[in-house]
Amino acid sequence: MLAFLMVVEDEIKRCKLGEIYIHYYKELFITAYSILKDYQEAEDMVQNVVIKLSNNLDKISEIKCKKTRSYLVIIIRNLCYDAYNHKKGIIYLSENEIEKIPVNMGIGMEEYILGIEKSEKIAKLLSEIHQPYADILTLRFFYQLSINEISELLDITCDNVSVRIHRALNTLENVIRKEGETVEQRV
Amino acid sequence: MNKGSREDKEHRDKLIETLLYSIGFDNAEVVCEENDLLLEKYKDIEVPESLTQWFEQYNEKLELRRKRKEFVKRSGRFAKKAAVIFMAIIIGLGVVTMSVDALRIRFLNMIIEVNERFSSVEFEERESVENTEDLPKDWKDYYPTVIPDGYTLNTWSTSSKSARLVYSNELSEELVFIQGPLTGEVHLNTEDAVVFEIEINGFEALMIEEGNRIIIYWRNDSYAFSLKGYLDKEIMIKIVKSVVKNN
């Protein structure tokens, strides 16, 4: 097995996709398996991610870095969550609830931002919002992907992407408000 | 006031953008940390060999597709260059041909020759006539003014190099008069023939007797002529001496 993989590695390392695969295939498989608990499904999911990546290779500038690593993990784990929910008959978001994204967040958020001194505050925020929300915000605002690109990567409609971002922003705003109220009460 | 509001809004948008970017950045860190734990937890898991085999095949397909695309692209570029070079050569040759006198004349001569051959054929096929009693209206060459009784103009033809009049009688005996420019050599078959040297209009001439047939070759300042027929020598000479140019 190891010898086979070493031979294959030499062959496929020549291209960018090959290098990404060699570097991350195990981690992607483990991430998928940890959610789906099924070898075959995890394998299918890794294949799905590789196919998607082959069409969006320009989004990856450096292969061995945290940014690329988390990008791949976010894609595969969100695909797995959807597959898992689909299997269990859970409807995560209904498309008829689509609302336009209000980017003009309240003044509370602005004050909060101005009050940020340490990154622990952001870490706290992250811990309080649903992980898929954090992931969708990361894809949109950190990786600067368009709604279309996210829709292609996560196999969901553009409307669904918009709804998720909208809800993630609402949740974030609520968390910030609550935190502000707690501070006022303490004062 | 308005300007201030717009600036405030821009400032707020930038701050929010920065916050969201920071959240994304931190989330990426958290994802890596969480996955470190996950990798530790599932470190003994064996990834199916079929996954790498699948990738190898998939990657080969991608590589083939990429090479094909590159080939098509390169071929397109090459074809464009080849077309430009070909056009340049054609234009260059055209310019050289037309600017060098010797080449231009040869080129034009070739065209003229081809056209002459063509028109000659066409002329004979379309304009040859039968049983013409008089000369053709547009005949501008020489012709015999004396024609023995019983002979009528049967066919005629003309080109830039020669003109030909054929007369015949009821017995289908032909009297053939041919004229052409006085250039080059004439090869005569005199085997089993009697050759006489005679004089026609002050120029040397040849009369060849082949059995019943008489052939006379003569010339003037610029043309050579021949007359073939089955008549007496004297009548043949009379016909030859009667040849004049039609005006």
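For clarity, every value in this text was computed on a predicted model and none was experimentally measured. (Residues numbered from 1 in each chain as written. Chains lettered and ligands numbered in written order. Predicted model: local features only at pLDDT ≥ 70, side-chain atom pairs only at ≥ 80, totals over all residues. Heavy atoms only, no water.)

1. Digging into the nonpolar core
Inside soluble globular proteins, nonpolar side chains tend to come together where they are buried. Residues Tyr-71 and Leu-137 of chain A are the most contacted members of the largest nonpolar core, which totals 69 residues. Among the elements that make up this core, the one with the highest residue count is helix H2 (residues 16–36) of chain A (13 residues). Split by domain, the residues of this core number at least three in each of domain 1 (1–90) and domain 2 (93–187) of chain A. In this view, Tyr-71 of chain A contacts Leu-53, Lys-59, Ile-60, Leu-139, Tyr-143, Leu-145 and Leu-153 of chain A; residues no more than four positions away in its chain are not counted. Membership of the second largest hydrophobic core comes to 24 residues, among which are Tyr-142, Phe-177, Ile-214 and Leu-227 of chain B. (Core = buried A, V, L, I, M, F, W, Y, C linked by side-chain atoms within 4.5 Å. Buried < 20%, exposed > 50% of the residue type's maximum accessible area, 1.4 Å probe, protein only. Helix = DSSP H or I, 4+ residues; strand = E, 2+ residues; numbered from the N terminus. Domains from an automatic or database assignment. Contact = heavy atoms within 4.5 Å.)

2. Quick notes on the packing of aromatic side chains
To describe a pair of aromatic rings, you give the distance between the ring centres and the angle between the ring planes. Under the counting rule described, the total for this entry stands at 19 aromatic pairs over all chains. With 5.1 Å between their ring centres and 10° between their planes, Trp-54 of chain B and Tyr-58 of chain B make a pair best called stacked. In this pair, Trp-54 of chain B and Tyr-58 of chain B both sit in helix H2 (residues 49–99), four residues apart, roughly one turn of the helix. Arranged with centres 6.2 Å apart and planes meeting at 35°, the rings of Phe-177 of chain B and Trp-218 of chain B form a pair that is tilted. Of this pair, Phe-177 of chain B sits in strand S4 (residues 174–181) while Trp-218 of chain B sits in strand S7 (residues 213–219), placing them 41 residues apart in sequence. The exposure class assigned to Trp-218 of chain B is buried, which follows from its relative accessible area of 6%. An aromatic cluster of at least three residues, connected via ring pairs, comprises Tyr-21 and Tyr-25 of chain A together with Trp-54, Phe-55 and Tyr-58 of chain B. Sitting over the face of the ring of Phe-142 of chain A, Lys-67 of chain A holds its NZ or CZ atom 5.1 Å from the ring centroid. (Phe/Tyr/Trp six-rings, centres within 6.5 Å; stacked < 30°, edge-to-face > 60°. Lys NZ or Arg CZ within 6 Å of the ring centre and 35° of its normal.)

3. Digging into empty space enclosed by the protein
Residue and element names in this part refer to chain A. Overall, the coordinates contain one cavity of 30 Å³ or more when judged by the stated rule. Its boundaries defined by the atoms lining it, the largest cavity holds a volume of some 50 Å³. In terms of lining residues, the largest cavity is bounded by Leu-17, Ile-20, Tyr-21, Tyr-24, Tyr-25, Leu-28, Val-50, Leu-53 and Leu-72. Of all the secondary structure elements, the ones that give two or more residues to the lining of the largest cavity are H2 and helix H3 (39–55). Grouping the constituent residues of the lining of the largest cavity by class yields nine nonpolar, no polar and no charged. (1 Å grid on protein atoms, 1.4 Å probe; cavity = no way out; pocket = protein on both sides within 12 Å on 5 of 7 lines; lining within 4 Å. Points joined across faces, edges and corners; volume = space filled by probe spheres on them. Nonpolar A, V, L, I, M, F, W, Y, C, P; charged D, E, K, R; others polar.)

4. Details of a positive patch on the surface
All names here are of chain B. A contiguous patch of positive charge on the surface is contributed by Lys-61, Arg-65, Arg-68, Lys-69, Lys-73, Arg-77 and Lys-81. Turning to its location among the elements, Lys-81 is positioned in helix H2. Relative accessible area serves as the criterion here: at 56%, Lys-81 is assigned to the exposed category. (Patch = residues over 30% accessible without salt bridge, like charges linked within 9 Å, V, L, I, M, F, W, Y side chains within 5 Å. Areas by Shrake-Rupley, 256 points an atom, 1.4 Å probe, with all protein chains shown as cover. Salt bridge = Lys/Arg side-chain N within 4 Å of Asp/Glu carboxyl O. Lys, Arg positive; Asp, Glu negative; His and termini not counted. Charge placed at Lys NZ, Arg CZ, Asp CG, Glu CD.)

5. Some details on unusual backbone geometry
Positive phi is not limited to glycine here, since Lys-37 of chain A has a value of about 55°. Tracing the backbone through its elements, the reader meets Lys-37 of chain A in the loop between H2 and H3. With a phi angle near 50°, Asn-201 of chain B is a residue other than glycine that sits in the positive phi range. You can see Asn-201 of chain B is positioned in the loop between strand S5 (194–200) and strand S6 (203–210).

6. Re the sheet that holds strand S8 (residues 223–229) of chain B
Residues and elements named next belong to chain B. Within the open sheet, the seven strands sit side by side as S2-S3-S4-S8-S7-S6-S5. Their pairing is antiparallel. If you trace the sheet from one side to the other, it starts and ends with strand S2 (152–158) and S5, each paired once. Each neighbouring strand pair of the sheet contributes to a mean axis angle of 15°, computed without reference to strand direction. Note: S2 against strand S3 (residues 163–168), six bridges, orientation antiparallel. (Pairing = 2+ DSSP bridges. Axes fitted to C-alpha atoms, helices over the stretch in contact; angles between N-to-C directions.)

7. Brief notes about the pattern of salt bridges
Scanning the entire structure with this criterion turns up 17 salt bridges over all chains. Of the charged contacts in the structure, one is a salt bridge between Glu-41 of chain A and Lys-87 of chain A, with a shortest N-O distance of 3.3 Å. Taken together, the positions of Glu-41 of chain A in helix H3 and Lys-87 of chain A in helix H4 (residues 66–88) put the pair 46 residues apart, joining distant regions of the chain. Residue class for Glu-41 of chain A comes out partly exposed when judged on its relative accessible area of 27%. Owing to a relative accessible area of 45%, Lys-87 of chain A belongs among the partly exposed residues under this scheme. Asp-13 of chain B is paired through a salt bridge with Lys-9 of chain B; the nearest N and O atoms lie 3.2 Å apart. Of this pair, Asp-13 of chain B and Lys-9 of chain B both sit in helix H1 (residues 2–41), four residues apart, which is roughly one turn of the helix. Accessibility expressed as a relative area gives 27% for Asp-13 of chain B, which makes it partly exposed. The class for Lys-9 of chain B is partly exposed, based on a relative accessible area of 41%. Each member of the salt-bridge network shares a partner with another, and the members are Glu-63, Arg-66, Glu-70 and Arg-74 of chain B.

8. Things to note about the environment of Phe-29 of chain A
Mapped onto the secondary structure, Phe-29 of chain A falls in helix H2. For Phe-29 of chain A, a relative accessible area of 0% puts it in the buried group. Along the chain, Phe-29 of chain A and Gln-47 of chain A lie 18 residues apart, while their C-alpha atoms are 9.5 Å from each other. For Phe-29 of chain A, the residues in contact, after removing those within four places along its chain, are Tyr-39, Ala-42, Glu-43 and Val-46 of chain A together with Ile-45, Glu-46, Val-47, Pro-48 and Leu-51 of chain B.

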